[in-house]
Amino acid sequence: MRAKMTLFCAALLLLICVGSGERREMNDMAIVLGLGVDAANDGLLLSVELAHQQGVDQPAEALVFSAAGQDLEQAGEHLAELLDRELFWGSAELIVCGRELAESGGLYHVAAQIYDDTRFDPKPYIVVADGTAQQALGDSFGEADYVSQGLAQALADSERQPPTLTLLLERGLNGQRNMPLPLLEQTPQGLRLNGSVFCQLRGDELRTACRQ
């Protein structure tokens, strides 16, 4: 129900959204359900899981695309060029981080960029892939049509405090040097949440970067 409501709200926003004096057509935008970030040569590899359905009576199908860039903004621009469509980030419920990026402290910098960008919801959940985020988004999670929505729902239903983007930044700004994040393991049966891994936080250098 939560997943369907999210897609409905995203579609409604797209239908009424007006930019630069022009009404934006829904078909001109790609709805991002989740994003993944991995370390890449001299930058980042950004992956997105997009909502896709051929018709009302057709099954939902996840589409995953990736593009590299020197930073998150450039990688996003390269993705938009690849898809020839503007990306709608407001419906993203999940951020998947590759383990290499999380353990090196790079995730905190990416999180601050996302939080400071008003196109994003500031409260997506964050998990770390035991491998790459790109591979994780292209896998499966239980019976969920979309990996991002299935994982977000599992985290929301968890008895523990769900790890959100906002919480990660608050911990860093309060001087905490690391934070445990759920570990996403790939198995022959699909993805599963299995334990946690410590993400290195570097809050001091980014104190002025966060949205006020």
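Before reading further, recall that the structure is shown in the block above.
Residues numbered from 1 in each chain as written. Predicted model: local features only at pLDDT ≥ 70, side-chain atom pairs only at ≥ 80, totals over all residues. Heavy atoms only, no water.

Draft legend 1. Inspection of the packing of helix α4 (residues 106–116) against helix α7 (residues 165–173) at higher detail. Running from N to C, α4 and α7 cross one another at 120°; their axes reach a closest spacing of 10 Å. The angle between the axes of α4 and α7 places the two elements in the oblique class. Along this stretch, α4 crosses α7, giving a crossing that reads as left-handed. Touching Leu 107, Tyr 108, Ala 111, Ala 112, Ile 114 and Tyr 115 of α4 are Leu 165, Thr 166, Leu 168, Leu 169, Gly 172 and Leu 173, all from α7. In terms of residue class, the contact of α4 with α7 is built from 10 nonpolar, 2 polar and no charged. (Axes fitted to C-alpha atoms, helices over the stretch in contact; angles between N-to-C directions. Helix = DSSP H or I, 4+ residues; strand = E, 2+ residues; numbered from the N terminus. Parallel < 35°, antiparallel > 145°, perpendicular 65-115°, else oblique. Left-handed = near helix turned anticlockwise from the far one by under 90°. Contact = heavy atoms within 4.5 Å. Nonpolar A, V, L, I, M, F, W, Y, C, P; charged D, E, K, R; others polar.)

Draft legend 2. Spatial organisation of the nonpolar core. Of all hydrophobic cores here, the largest spans 40 residues; its most connected members are Leu 35, Leu 46, Leu 87, Trp 89, Ile 114, Leu 165 and Leu 168. In terms of residue count, α4 provides more of this core than any other element does, 7 residues in total. Sequence-distant contacts of Leu 87, that is, excluding residues within four places in its chain, are made with Met 29, Ala 30, Val 32, Leu 50, Gly 76, Leu 79 and Ala 80. Within the second largest apolar cluster, 15 residues are counted, among which are Leu 94, Phe 141, Leu 151 and Leu 191. (Core = buried A, V, L, I, M, F, W, Y, C linked by side-chain atoms within 4.5 Å. Buried < 20%, exposed > 50% of the residue type's maximum accessible area, 1.4 Å probe, protein only.)

Draft legend 3. Region of interest: the packing of aromatic side chains. Within the structure shown, the criterion is met by 1 aromatic pair. Note on Trp 89 and Phe 120: the rings are 4.9 Å apart at their centroids and 35° apart in plane angle, and the pair reads as tilted. Taken together, the positions of Trp 89 in the loop between β6 (86–88) and β7 (94–98) and Phe 120 in the loop between α4 and β8 (125–129) put the pair 31 residues apart, joining distant regions of the chain. Phe 120 carries the same exposure label as Trp 89, and that label is buried. (Phe/Tyr/Trp six-rings, centres within 6.5 Å; stacked < 30°, edge-to-face > 60°.)

Draft legend 4. A look at helix α2 (residues 72–83). For α2, which comprises 12 residues, the first-to-last C-alpha distance of 16 Å matches the rise-based estimate of 16 Å (1.5 Å per residue) to within 8%. Burial in α2 covers these residues: Leu 72, Ala 75, Gly 76, Leu 79 and Leu 83. Along α2, the residues classed as buried sweep out an arc of 100° about the axis, all on the same side. When the buried face of α2 is taken as reference, the exposed residues oriented beyond 90 degrees from it are Glu 73 and Glu 81. Contacts from the buried residues of α2 go to β3 (29–40), β4 (43–50), β5 (63–69), β6 and α4. Just downstream of α2 lies Asp 84, where phi reads positive at about 60°. (Expected span 1.5 Å × (residues − 1). Arc of directions from axis to C-beta.)

Draft legend 5. Region of interest: the environment of Val 37. Residue position: Val 37 is located in strand β3. With a relative accessible area of 0%, Val 37 lands in the buried category. Apart from residues lying up to four places away in sequence, Val 37 is in contact with Leu 45, Leu 46, Leu 72, Val 96, Cys 97, Gly 98, Leu 101, Val 110 and Ala 133.

Draft legend 6. Structural detail: the pairing of β3. Extensive coverage of β3 is indicated by the burial of 10 of its 12 residues. Bridge count for β3 against β6 is 3 bridges, and the pairing is parallel. Along β6, the bridge assignment pairs Met 29 with Glu 86. In terms of strand pairing, β3 meets β4 through 8 bridges, oriented antiparallel. Residue pairing across strands places Ala 40 opposite Gly 43, the latter belonging to β4. (Pairing = 2+ DSSP bridges.)

Draft legend 7. Highlighting the pattern of salt bridges. Under the defined criterion, the tally for this structure stands at 3 salt bridges. Ionic pairing is found between Arg 99 and Asp 130, a salt bridge with its closest N-O pair at 2.9 Å. Residue Arg 99 is found in helix α3 (residues 99–104), and its partner Asp 130 is found in the loop between β8 and α5 (133–137); the two are separated by 31 residues along the sequence. By relative accessible area, which is 28% here, Arg 99 ends up partly exposed. With a closest N to O distance of 2.7 Å, Arg 119 and Asp 117 form a salt bridge. (Salt bridge = Lys/Arg side-chain N within 4 Å of Asp/Glu carboxyl O.)

That's the geometry; what it means functionally is another story.
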